[in-house]
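Chain residues, written in single-letter form:
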Amino acid sequence: MIASGTIIFYSFITVAIAVAAAILTLFICWLVMKSKRVVLSKASYQALIDNNEKLADAERRANDANKAKSDFLSSMSHEIRTPMNTVLGMNEMILRESTSQEITDYSENIKHAGNLLLTLINDILDFSKIESHKLEIVTAEYNLSSVINDIYTIVNPRAEEKNLCLNFKNNPEIPSLLKGDEIRIKQIIVNLINNAIKYTSKGSVTVDFDYEKLGYNKIYLKVSVADTGAGIKEEDIPYIFDSFRRVDTIKNRYIEGAGLGLSISKELCILMHGEINVESEYGKGSVFTISIPQTISEGSENVE
Ligand code: ADP
């Protein structure tokens, strides 16, 4: 009896020791695995921090370089504009005084190239101002009819040069006095009409001024510029508002341009809380539309 009791006792002790050893082994394995995981995650955490620092540093340097580029473009275009205006002014004197056809022809060439250069410089100046968030929208009262007249006076000579029919239509019910940035609105519309003329070899350019009521003293000024020109391929449309981007470059290789006009126009529309859209059929023509909120000025006619 004693012997079998002793055997049972020792067997029990042995089993208990085996179970305890198994539990201890499992516990040690778990500890080892856990500590490895901690070491691993600590390493990857450090790598993550290092990467983030590198990224932040790269972003800082890219922003600094971009700012330096914008500042350089802005000050250079400013500096070039002054002597360029003098050259064009003096050339105007030559055109007026010249009695020789040969000199007049040379002078006309200087005028054409000088004006192109001035447009480019102005575009670069606007582009760099927009990039560095320094372009401000200046709101003041203006008369819409005189803006429309100014635009017509600016663009009509070019349409005549190309024998294009230039039509201006306007809804007579648009409130006559508005508040907004007339200079920037004019700039966008002139740019769209100049493009329409530039990319149209025959037919017409039609500019339509309309509005949509927006609250009691606000309207959306809606202007569309339609042409019967080259049109834009569907796949090119998403890119035409990108800066320095020209599309269909083989067909348009003899047409001057830097690919800045539409991107500046779009940015100006956004700054004025408006939008710009385009519909185009390749080979048939395009319609560019802008819609910009403007305040109706007190004393304006045609206010319902
Ligand atoms: P660009 O100085 O080249 O005219 P824009 O930014 O004004 O630059 O226009 C970008 C591109 O969009 C042009 O290069 C041209 O391919 C296309 N585009 C713009 N307006 C028209 C239009 N009315 N008809 C056809 N293509 C146009």
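Now for a quick tour of the structure. All values reported here derive from a predicted model rather than from experimental measurement.

Criteria and cut-off values
- Each chain carries its own residue numbering, running from 1 in the written order of its sequence.
- At least 70 in pLDDT is required for a residue's local features to be given in this predicted model, at least 80 for side-chain atom pairs to be given and counted, and no such filter applies to totals for whole chains, interfaces and linings, which use all residues.
- Side-chain calculation: all heavy atoms of the structure are included, whereas hydrogens and water are not.
- Where helices and strands are cited, they refer to DSSP runs of H or I of at least four residues and of E of at least two residues respectively, numbered from the N terminus.
- As defined in this context, the radius of gyration uses C-alpha atoms, and a globule is described by 2.2 Å times the residue total to the power 0.38.
- Only protein chains enter the accessibility calculation, which uses a 1.4 Å probe; a residue whose area is less than 20% of its type maximum is buried, one above 50% is exposed, and one in between is partly exposed.
- Contact criterion: two residues are considered in contact whenever any of their non-hydrogen atoms come within 4.5 Å of each other.
- Axis geometry follows a simple rule: fit a line to the C-alpha atoms, using only the stretch in contact for helices, then measure angles between N-to-C directions, giving values from 0 to 180 degrees.
- Helix crossings are classified by the rotation of the near helix relative to the far one: an anticlockwise turn of less than a right angle makes the crossing left-handed, while a clockwise turn makes it right-handed.
- Gly counts as polar in this scheme, as do all residues outside two lists: the nonpolar Ala, Val, Leu, Ile, Met, Phe, Trp, Tyr, Cys and Pro, and the charged Asp, Glu, Lys and Arg.
- Salt bridges are counted wherever a side-chain nitrogen of Lys or Arg sits within 4 Å of a carboxyl oxygen of Asp or Glu.
- Note on ring pairs: Phe, Tyr and Trp rings are taken, using the six-membered ring of Trp, and paired if centres are within 6.5 Å. Classes follow the plane angle, with under 30 degrees stacked, over 60 edge-to-face and the rest tilted.
- Put simply, a charge is over a ring when the Lys NZ or the Arg CZ is close to the ring centre, within 6 Å, and near the line of the ring normal, within 35 degrees.
- Nine residue types can take part in a nonpolar core, namely buried Ala, Val, Leu, Ile, Met, Phe, Trp, Tyr and Cys, and a core is a set of them joined through side-chain atoms within 4.5 Å.

Helix and strand content of the protein chain: five helices and seven strands. The secondary structure elements of the protein chain, listed N-terminal to C-terminal, are α-α-β-α-β-β-α-β-β-α-β-β. Relative to the 2.2 N^0.38 estimate, which gives 19 Å for 304 residues, the radius of gyration of the protein chain is 35 Å and therefore markedly larger than a compact globule would have. Across its three principal axes, the protein chain shows a C-alpha extent of roughly 140 × 55 × 40 Å. Taken over 304 residues, the protein chain has a buried fraction of 32%. Contacts in the protein chain between residues at least 24 apart in sequence constitute 71% of all its contacts with a sequence separation of at least 6.

Two elements in contact, helix α4 (residues 182–198) and helix α5 (residues 261–271), have axes separated by 10 Å at closest approach and are oriented at 150°. The crossing of α4 and α5 is left-handed. The segment α4 lies against α5, with Arg184, Gln187, Ile188, Asn191, Leu192 and Asn195 engaging Gly261, Leu262, Ile264, Ser265, Leu268 and Cys269. When its residues are assigned to classes, the contact of α4 with α5 shows six nonpolar, five polar and one charged.

Side chains that differ in charge, positive against negative, can pair when their charged atoms come close. Taken as a whole and assessed by the stated rule, the structure comprises 11 salt bridges. Residues Asp71 and Lys67 are paired through a salt bridge, measuring 2.9 Å at the closest nitrogen-oxygen approach. Here Asp71 and its partner Lys67 are both found in helix α1 (residues 2–97), four residues apart, which amounts to about one turn of the helix. Where Asp126 meets Arg184, a salt bridge forms, and the shortest distance between an N and an O atom there is 3.4 Å. Here Arg184 lies in helix α4 and Asp126 lies in helix α2 (residues 101–131), a separation of 58 residues in the sequence. Arg184 gets classed as buried once you look at its relative accessible area, which sits at 13%.

Turning to the packing of aromatic side chains, a few remarks are in order. All chains considered together, the criterion is met by five aromatic pairs. Seen from their ring centres, Phe241 and Phe288 are 6.5 Å apart, and the 75° between their planes marks the pair as edge-to-face. Of this pair, Phe241 sits in the loop between β5 (218–227) and α5 while Phe288 sits in strand β7 (residues 285–296), and the two are 47 residues apart along the sequence. This pair shows no difference in class: Phe241 is buried, exactly as Phe288 is. Three or more aromatic residues joined by ring pairs make a cluster, and in this case those are Tyr152, Phe168 and Phe209. Between the NZ or CZ atom of Lys222 and the centre of the ring of Tyr220, over which it lies, the distance is 5.9 Å. Directly above the ring of Tyr239 sits Arg245, whose terminal nitrogen or CZ lies 4.4 Å from the centroid.

Bringing the nonpolar core into the picture now. Counting residues in each nonpolar core, the largest one holds 47 residues, and the members touching the most others are Ile193, Val205 and Ile290. Of all the secondary structure elements, the ones that give two or more residues to this core are α2, α3 (144–161), α4, β4 (204–213), β5, α5, β6 (275–281) and β7. Sort the elements by how many residues they give to this core and α4 lands first, with eight residues. If we ignore the near neighbours within four places in the chain, the residues touching Ile193 are Ile151, Val155, Leu166, Phe168, Val205, Val207 and Val225.

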